[in-house]
Amino acid sequence: MNRDLSLLQPYPFEKLTALKAQVSPPEDLEHIALSIGEPKHPAPEFVTEVLTDNLARLSNYPTTKGIPELSEAIAGWCERRFKLQAGSLDPKTNVIPVNGTREAIFSFTQAAIDRRPDTLVVSPNPFYQIYEGATYLAGAEPYYLNCNADNNFVPDYDAVPESVWQRCQLLYLCSPSNPTGAVTGMQTLKKLIALSDKYDFIIASDECYSEIYFDEAKPPVGLLQACAELGRDDYKNCVVMHSLSKRSNLPGLRSGFVAGDAALLVPYLQYRTYHGSAMPIQHQLASIAAWNDEEHVLENRSQYRRKFDAVVEILSPVMDVQHPDASFYLWAATPIADDLFAQGLFASQNVTVLPGSYVSREAEGILPGAGRVRMALVATLEECVEAAHRIRNYVESL
Ligand SMILES: Cc1ncc(COP(=O)(O)O)c(C=O)c1O
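Here the structure is a predicted model, which means the values were calculated and not measured.

**What about a nonpolar patch on the surface?**
Where nonpolar side chains cluster on the molecular surface, the patch consists of M1, L5 and L8 and spans about 350 Å² of accessible area. Here L5 shows up in the segment before α1 (12-21). L5 gets classed as partly exposed once you look at its relative accessible area, which sits at 37%.

**Side note on the site of the ligand**
Around the ligand sit 15 residues in total, of which T101, D206, Y209, S243 and S245 are the nearest. A distance of 2.7 Å is found between an oxygen atom of the ligand and a side-chain nitrogen or oxygen belonging to N178. The contact in question runs from a nitrogen atom of the ligand to an N or O atom on the side chain of D206, over 2.6 Å. Notes on the ligand: free accessible area 400 Å², of which the protein chains cover 92%. Taken atom by atom, the bulk of the ligand overlaps the largest pocket. Residue contributions to the shell around the ligand peak at three residues, all from helix α4 (residues 101-112).

**So, the sheet that holds strand β5 (residues 168-174)**
Reading across the sheet, the seven strands line up as β2-β8-β7-β6-β5-β3-β4 and stay open at both edges, with mixed pairing between neighbours. The sheet terminates laterally at β2 (95-98) and β4 (141-146), the two strands that pair on one side only. Averaged over all neighbouring strand pairs, the angle between strand axes comes to 20 degrees, with direction disregarded. Note: β5 against strand β6 (residues 202-206), five bridges, orientation parallel. What sits directly across from C174, in β6, is D206. Running over the sheet, helix α3 (residues 68-82) touches β2, β7 (238-243) and β8 (256-260) and is turned about 110 degrees from β2. On top of the sheet, helix α5 (residues 130-137) reaches β3 (120-125), β4, β5 and β6; it is set at about 150 degrees to β4, its chief contact.

**Observations concerning the layout of surface pockets**
Taken as a whole, the largest pocket holds about 510 Å³ of empty space. For the largest pocket, the lining is made up of 26 residues, of which G37, R102, Y128, Y209 and K246 are closest to its centre. Each residue belonging to the lining of the largest pocket can be placed in one class, and the counts come to 14 nonpolar, six polar and six charged. Two domains share the lining of the largest pocket, each providing at least three of its residues, namely domain 1 (3-42 + 296-397) and domain 2 (59-293).

**Regarding unusual backbone geometry**
Each neighbour pair has its own omega, and for N125 with P126 the value is 10 degrees, a cis peptide bond. Tracing the backbone shows P126 in the loop between β3 and α5. S175 connects to P176 through a cis peptide bond whose omega is -5 degrees. Its place among the elements puts P176 in the loop between β5 and α7 (186-199). Within the chain, K83 stands out as a residue other than glycine whose phi angle is a positive 50 degrees. Structurally, the position occupied by K83 is in the loop between α3 and β2. Look at Y235: it is not a glycine, yet its phi comes out positive at around 55 degrees.

**Brief notes about the sheet that holds strand β12 (residues 372-376)**
Strand order in this open sheet of three strands is β9-β12-β11, and the pairing throughout is antiparallel. Each edge of the open sheet carries a strand with a single partner, namely β9 (329-333) and β11 (354-355).

**Re the side chain of T101**
Looking at the secondary structure, you find T101 in helix α4. Residue classification places T101 among the buried positions, given a relative accessible area of 9%. Apart from the residues within four sequence positions on either side, T101 is in contact with D206, C208, M241, H242 and S243.

**So, the packing of aromatic side chains**
For any pair of aromatic rings, the description rests on two quantities: the centre-to-centre distance and the angle between the ring planes. All chains considered together, the criterion is met by 17 aromatic pairs. When the ring of F127 is compared with that of Y144, the centres are 5.2 Å apart and the planes differ by 10 degrees; the resulting orientation is stacked. Of this pair, F127 sits in the loop between β3 and α5 while Y144 sits in strand β4; the two residues are 17 residues apart in sequence, bridging distant segments of the chain. F127 sits in the buried class, given a relative accessible area of 3%. In this structure, K20 is placed above the aromatic ring of F346, and the distance from its NZ or CZ to the ring centre is 4.5 Å.

**Topic: the pairing of β6**
Taking burial as the measure, the five residues of β6 include five buried ones, the bulk of the element. In the classification by handedness, the crossover that spans β5, the intervening α7 and the parallel β6 is right-handed. Of the pairings in the sheet, the one linking β6 to β7 comprises four bridges and is parallel in character. Opposite A204, over in β7, you have V239 as the bridge partner. In terms of handedness, the path from β6 via helix α8 (residues 223-229) over to β7 forms a crossover that is right-handed.

The rules behind the values
- Residues numbered from 1 in each chain as written.
- Predicted model: local features only at pLDDT ≥ 70, side-chain atom pairs only at ≥ 80, totals over all residues.
- Heavy atoms only, no water.
- Patch = residues over 30% accessible without salt bridge, like charges linked within 9 Å, V, L, I, M, F, W, Y side chains within 5 Å.
- Areas by Shrake-Rupley, 256 points an atom, 1.4 Å probe, with all protein chains shown as cover.
- Salt bridge = Lys/Arg side-chain N within 4 Å of Asp/Glu carboxyl O.
- Helix = DSSP H or I, 4+ residues; strand = E, 2+ residues; numbered from the N terminus.
- Buried < 20%, exposed > 50% of the residue type's maximum accessible area, 1.4 Å probe, protein only.
- Near = heavy atom within 4 Å.
- Polar contact = N/O pair within 3.5 Å; in protein donor to acceptor, adjacent residues only side chain to side chain.
- 1 Å grid on protein atoms, 1.4 Å probe; cavity = no way out; pocket = protein on both sides within 12 Å on 5 of 7 lines; lining within 4 Å.
- Sits in = over half its atoms within 2 Å of the grid points.
- Pairing = 2+ DSSP bridges.
- Axes fitted to C-alpha atoms, helices over the stretch in contact; angles between N-to-C directions.
- Contact = heavy atoms within 4.5 Å.
- Points joined across faces, edges and corners; volume = space filled by probe spheres on them.
- Nonpolar A, V, L, I, M, F, W, Y, C, P; charged D, E, K, R; others polar.
- Domains from an automatic or database assignment.
- Phe/Tyr/Trp six-rings, centres within 6.5 Å; stacked < 30°, edge-to-face > 60°.
- Lys NZ or Arg CZ within 6 Å of the ring centre and 35° of its normal.
- Right-handed = clockwise from strand over helix to strand, strands pointing away.

Shown next as structure tokens:
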């Protein structure tokens, strides 16, 4: 078998299951999971209707490129959302639909890396684990940039040695970040584009949480938007990854896209024809309906806003919890080691949170997730509030 498979780490949830198996939760309290980042708000009915109305399309093979109407809807959404110059994102050459960003991160990395020895894929730390696994399976080495309170959870790119940029073929951004909720700002994006010109690396920006934010007047900026501000209409060396999973509460639709530099998307499309993950046509039609509507996304955000306001108010007197810039995660500091905190919370309150050390790696002598837990506020408002009270009780009992 592929020797690189041995480099893959257990998934954070496997570690969490083992941690929880050592204790028993109280039987009189219902379990509340704040550990898994799976949206729980209902899927929009107008989207599921399109899906079911088109089940006859099951008898057609979908193409890798998808139907033109989907790429057109995606390009239109990107133009509106990220203030791109009209017509600059060509649906034919600058957009590829994918079966969710997870698959896109993995497959794009395989297509992008040229397997020169000593190649680095640079990513934030803590991070979404697929960046790491995709890197190893592409024959490259991950290089982690620590994100902590000192740098407002955005890597200090100025401190990255030149020798790292010289070996970097692919830089992953995660903005808004899982797990910290931090957004990478416009100036930083522009600086990174200049670095990618200088050292000739690709920037892949995972923006799958871009539509979960709190201030309607301040949507998170994106990498294509930074290109547009710089007048780079060819989006050279830049791609973004977006998804309907969080934006539209459709994690089961497996629908997203990669958009950006056409010169990168030609070989990526070729890779995908072999990779074999074309989106079913009825999913494409449903996706068009979702990308063309913002009403349900506004409603989705207002539900998250209510939950964050309530939970932060309950927890902030006893814990260091900051309202994130965006995303549906709280990245809370723990008064004891994060794994012990998660285990003790489960044992005493039947609430599950994810230890931060499980989603980070030691780099430069620091494990940036240590002493933090990730809480995903995906359950109902009532459940999130109940969980917050139980977490508060637990912290007060320590
Ligand atoms: C940072 C990040 N990227 C990508 C994904 C994958 O999402 P999907 O494949 O549903 O688009 C997730 C899912 O949790 C995530 O947290």
